[in-house]
Every structure is written in C-alpha cells, then in structure tokens.
Amino acid sequence: MKRRKVAAMLACTMLASGLLAGCGSDESSSTAEGETAESTSEDGETSEGSASFTVLVDDNSSTGEYRMVEAINEQTGITMTTEQYPNELATEKLSLALSAGSYPDCIGGWLIQDTDILKYGMNQQLFVPLEDYIEEYAPNIQKVLEMDGVREAMTAPDGHIYSIPYVVEAPLVDYQIIVNTEWLKNVGMEMPTTTEEFEAVLKAFKEQDANGNGDPNDEIPLGFDPDNMNITYMMGWFGASCDEFGMTMDDGELKFVANTDEFKEGVKYLNGLYSQGLIDNEAFTQDKSQWKAKGGKDLYGAVMTYASSDYMPYNAGETPNWEPLPVLSSPNCDDPKWYQDSEGVSILRTQLVVTNNAKDIPSIMKWWNAVYEEENSIQIANGVLGKTLFKEDGGYRKIDVGTLPEDEQDYYAWANLFPQALPRNIPVGFKPLQDPPMFDEKAVVNERYKDHLTGKVPAYWVPLEQADEMGEIQNALKEYMEQCVAKWIAGQADVDEEWDGYCDYLETLGLQDYIDMRLETAAEAQSAE
C-alpha cells in the first residue's frame, strides 16, 4: 500500500463526534526549575556561560520543580529544564513542534514510540544517533548498554541507537482494575469473579451510598486513568485481551484480535455498563488532574489504574482499601485472559531522544551520565539522601515522606524528585529497606493474575525498507480502533450496525500487511534466539 494512500484514508477517518474533542485543551504547561530560564546562545551556552538544554516530557508535577534535577544540575554545572504537560497535551504539542521544526533539544517520557524512532530518527534524521556520544561521554550509560540483550534491543534496523537505554524491573501486569473494598463492605457484596457479578456490584455502587458520605448520588462506579485507559485489556474477559494495536499472544502465537467476535462482545458489554451510568461519563474527555481529584474525594468504586496510590495516596505501613479485580469469566468465556506487559524486566527504548536542534550533545550526555550514577538514580526513585533515604549496613533504608515535617512533605514527595517518566539506572533486584514497609500492590496483582496472562508480545523493529509505510499503517490502525471503541462504548454509534464496515476499513488501512510484518519480525526474533 502506498504511504500517501494511508495518509489520505486517515484524513477521511471519522472523529468520535464531540466525545474526544478538546481533551486536555485547558491544561497549561509548567517549566522545570520554576524560574525564568536564562537566554541560550547558538552554541548551547547560557548567558552565565554554563551549558543548558531542554526536555519536552509528559509529567503532572504541580510545580515543575524537582529536587534531583536541581542536584544533578549542580553536580554537572549543566542546566536541564523541562517543558512539561499532561500526556495528551504534550503529545499534541510534540506533533505540532515536529511539523514546525520547533522541537526542543530532547524529547522524553511516554511521547515517543518505536515507529517514531524509525520515522524521525532513521528516515528524517531529526533524532540523533547516540551510540558514539554514549561511548565517549557517558560511561555509566555504556555499562547499561552492555548488559545482556540491551544493545540488541536498542539498535534500530540501520545499526544506530537513537535513545538512552532504560532497563527497569517491571511487574507482569502494568494496568488492572482495582476495587474499593470499603465500598464492597458498605453495599454488602463480595469481590466479583464474573462479568455478571461485576455489573451487579457496579449497580450497587451507583444506587447506594457506597462511599458513606451521606450523598447517594455522587458515586462513580467505574473510572479509568485517562492517560492509560487500556480498555482493550478488558476484552480478555471475553477471549480477546490485547494491546493498543490489537495484538496479543494466544497459546504462544502472535495474533490480531481487535476484529473478532470476542472483541465485539467486550465492547457491547462496556456499552451496557456505560448506558446504565456505571462508567464515568467523563472517562473519554477528562484529564489526569480531574481524575485524581475525583479519586481523592473517594468517588470511584473501581478504577483501571497502575496502582491505587496514583490517585489516592497512602502512607508506608498502611494497606490500601483496594484490591485487584480478578480476571473475570463471562458467559461465553470460562478461560479469560489479561494482557501481559512484561516478563519481569523491560528494556525501554523510547524514553529519551536527542534531536538535531541540540547544540551541545556532549553536555547533554554528561548530564544523563550523572543521572545514571547509581546513587543518583536510587535517590530519583526512592528519595533524597538524608531526608527520606539513608545509607545503612551496606544498603539503603527508606522512610515514608509523611514522617517529615508537614512543610517538607510535598517538597520531597516522589513526584517532585524527578520527572518520573524519564530514564534512570536502578539495578534489577534493588529494593531499599522500608521503615515502615510500603505495601506492594503489584506483587498482589502478579499473584492474582499469573494464571490468566496472555504471554508477552515480542518487541520488534519494523524492517528498514518498510519503516515509513508500516509506521503510518500502525498509527492509522491504532487511531481508528480507539475512535471506534470510544464512540461505541459511549453509545454514539451502534457497534453491531458498524462492525462489518469497521472490519473492512481496517483492511483498507493495511491491516493484513501490518499483521504479515509483525509475524515476520516475530519469527525472525525467535530464530535469532
């Protein structure tokens, strides 16, 4: 399929009328360091004579001030500042910046996909190959690059490395639905195990004063993290759990399932919940701050999220009033599945790229090399030494930030240590002693879900000669699927009436070519093992 054909068809793709418009459009940005940035000359030097650079990143810090950014700026004599916005707004601004050529020195966080590395790195040279800079200026990053399998995973089809490697210990399940156990007690119900039972629980949450605040009408039965809705994971209750591209593993075989009857059945189930007022009616339009505000007011009974602490923080030593919803069975599926995000360790290869607008790449790499000093990275993830983190018996002991004086608690909070979507270097298996210990929500999820996981979809690079075409097809498929699923769930269109046309249009966008490419790259990766 010709690339221009994909682009032309995308332009004709219908928008979810009114449903997705304006998401995050009212959000304003903040600049890290909380101060007016010094003017920067053509060679990347500030008016004070020290090197500086800027990173565009998705982050939700209320201040844009980060303790460990300040510390690393001081250590290196190099000033890093951020242009930061919530994810959706940051994505929009990045798209405009790339089109206009006005992008900053670096782009980081969850804004870049593999296909962007291929398009803007390999083909358009907007992203700079980093392997030589890493070798010369960043020995700490070089050590990570030489870890087993990392260089191979990071190297694009043209032989270059376009991003800083980020190796991170990761749970098997990234996102899941958790249920408010206090609400369950208040309505006299048990944790559901089937889709019918879950619907009954959500109805009880809606119809009763489940949060016990005296108002029986403010409860929101089911909500979603607006930046990570992962609705396609829930299709596993009906036999079709998949990622945002419709791909999953089925008995060790890579498959596309977003055009199956099982997937459609899942959409219809969620539409049934939405039509009864059991799903947040702002689920597709709200931003992260609105979602967190609702969670902080105890308005949600069940939430798709990474962890309950994302919107309702709790202190170390406490057990949250939330438990993971089991992988539900449904009338036509007694062996439900949930999408598996990792195998315990993930190699993230799109978390920080350097653009060709950067004037002083050696200084940028020196700054990130300081981030990859193990002690700096440990503080980024766990707290500032001498405040919430202490060296002890050859290791580290961590205390809860809530034990600090009240005027320091927000200042040293995890979200204000560092833009947490950016890479760092935490040794696999590292865990500080915690005093008191923090409840491990993800360990509970892993245990509850381990027998129902799909298997990990293999990572891949699009073949060099297909990079532009397949990148456009993948983005077109993802955008179209998201639009259709959103409008069907919200009742703006009928899935039964539109299903055949939807499946046909997927094919028109290049679905079969995309599936063939994914199968070929998976087979090649397996044969290389």
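Keep in mind the model is a prediction, meaning the values are calculated, not measured. (Residues numbered from 1 in each chain as written. Predicted model: local features only at pLDDT ≥ 70, side-chain atom pairs only at ≥ 80, totals over all residues. Heavy atoms only, no water.)

Scanning the protein from N- to C-terminus turns up 19 helices and 18 strands. Of all 529 residues assigned to the protein, the portion counted as buried reaches 53%. Partitioning the intrachain contacts of the protein with sequence separation of at least 6 by distance along the chain shows that 77% fall at a separation of at least 24. As presented, the protein carries roughly 23,100 Å² of accessible surface, and 45% of it is formed by carbon and sulfur atoms. (Helix = DSSP H or I, 4+ residues; strand = E, 2+ residues; numbered from the N terminus. Buried < 20%, exposed > 50% of the residue type's maximum accessible area, 1.4 Å probe, protein only. Contact = heavy atoms within 4.5 Å. Areas by Shrake-Rupley, 256 points an atom, 1.4 Å probe, with all protein chains shown as cover.)

In this section: the nonpolar core. If you look at soluble globular proteins, the nonpolar side chains tend to sit buried side by side. Grouped together as the largest cluster of nonpolar side chains are 102 residues, with contacts concentrated most on Phe198, Leu222, Trp237, Phe263, Trp338 and Tyr502. Take this core: its biggest share by element is 12 residues, from helix α17 (residues 467-489). Setting aside chain neighbours within four positions, we find Leu222 in contact with Ile177, Phe198, Leu202, Met234, Leu273, Leu278, Ile279, Asp280, Tyr300, Ala302 and Val303. Among the nonpolar cores identified, the runner-up in size contains 44 residues, and Met80, Leu145, Leu348 and Leu422 belong to it. (Core = buried A, V, L, I, M, F, W, Y, C linked by side-chain atoms within 4.5 Å.)

Pairing in this open sheet of four strands is mixed, and the strands run β7-β10-β6-β11 from one edge to the other. The outermost strands of the open sheet, each flanked by one partner alone, are β7 (220-224) and β11 (322-324). Going across the sheet, the axis of each strand differs from the next one's by a mean of 25°, ignoring polarity. In this structure, strand β6 (residues 176-180) lies alongside β11, joined through three bridges in antiparallel fashion. Of the residues in β11, the one forming a bridge with Asn180 is Trp322. Most of the contacts of helix α9 (residues 195-207) go to β7, to which it runs at about 115°, and overall it touches β6, β7 and β10 (300-305). (Pairing = 2+ DSSP bridges. Axes fitted to C-alpha atoms, helices over the stretch in contact; angles between N-to-C directions.)

One way to put it is that helix α11 (residues 261-275) packs onto α17 with a least axis distance of 8 Å and a crossing angle of 40°. Taken as axis vectors, α11 and α17 run oblique relative to one another. For the pair α11 and α17, the contacting residues are Phe263, Val267, Leu270, Asn271 and Tyr274 in the first and Val485, Trp488 and Ile489 in the second. (Parallel < 35°, antiparallel > 145°, perpendicular 65-115°, else oblique.)

The subject of this paragraph is unusual backbone geometry. With phi around 55°, Asp251 is a residue other than glycine that occupies positive phi space. Its place among the elements puts Asp251 in the loop between β8 (247-250) and β9 (253-256). Residue classification places Asp251 among the exposed positions, given a relative accessible area of 77%.

This next bit is on a negative patch on the surface. Residues Asp513, Asp516, Glu520 and Glu524 make up a contiguous surface patch of negative charge. Mapped onto the elements of the fold, Glu524 is located in helix α19 (residues 511-528). (Patch = residues over 30% accessible without salt bridge, like charges linked within 9 Å, V, L, I, M, F, W, Y side chains within 5 Å. Salt bridge = Lys/Arg side-chain N within 4 Å of Asp/Glu carboxyl O. Lys, Arg positive; Asp, Glu negative; His and termini not counted. Charge placed at Lys NZ, Arg CZ, Asp CG, Glu CD.)

Here the focus is the pairing of strand β13 (residues 345-348). Burial of the side chains of β13 is restricted to one face: Ser346 and Leu348 are buried, whereas none of Val345 and Ile347 on the reverse face is. Note: strand β5 (residues 166-169) against β13, four bridges, orientation antiparallel. Considered in β13, the bridge of Tyr166 is made with Leu348.

Sheet topology places strand β15 (residues 389-392) next to strand β16 (residues 395-399); four bridges connect them, and they run antiparallel. Across the sheet, the residue bridging to Lys391 is Tyr396, located in β16. Counting the residues in the hairpin turn of β15 and β16 gives two residues, including Asp393, whose phi is positive at 55°.

The end-to-end C-alpha distance of α9 is 18 Å, a good match for the 18 Å that 13 residues give at a rise of 1.5 Å each. Along α9, the residues that are buried comprise Thr195, Phe198, Val201, Leu202, Ala204 and Phe205. Of the surrounding elements, those touching the buried residues of α9 are β6, α8 (181-187), β7, α11 and β10. (Expected span 1.5 Å × (residues − 1).)

Right, let's get into the pattern of salt bridges. If the charged atoms of two oppositely charged side chains come close together, the side chains can form a pair. Applying the stated criterion to the full structure yields 21 salt bridges. In this structure, Asp225 engages Lys288 in a salt bridge whose closest nitrogen and oxygen atoms are separated by 2.9 Å. Taken as a pair, Asp225 in the loop between β7 and α10 (231-234) and Lys288 in helix α12 (residues 288-296) lie far apart in primary sequence, 63 residues in all. The exposure class of Asp225 is buried, given its relative accessible area of 0%. On the basis of relative accessible area, Lys288 is assigned to the buried category, the value being 12%.

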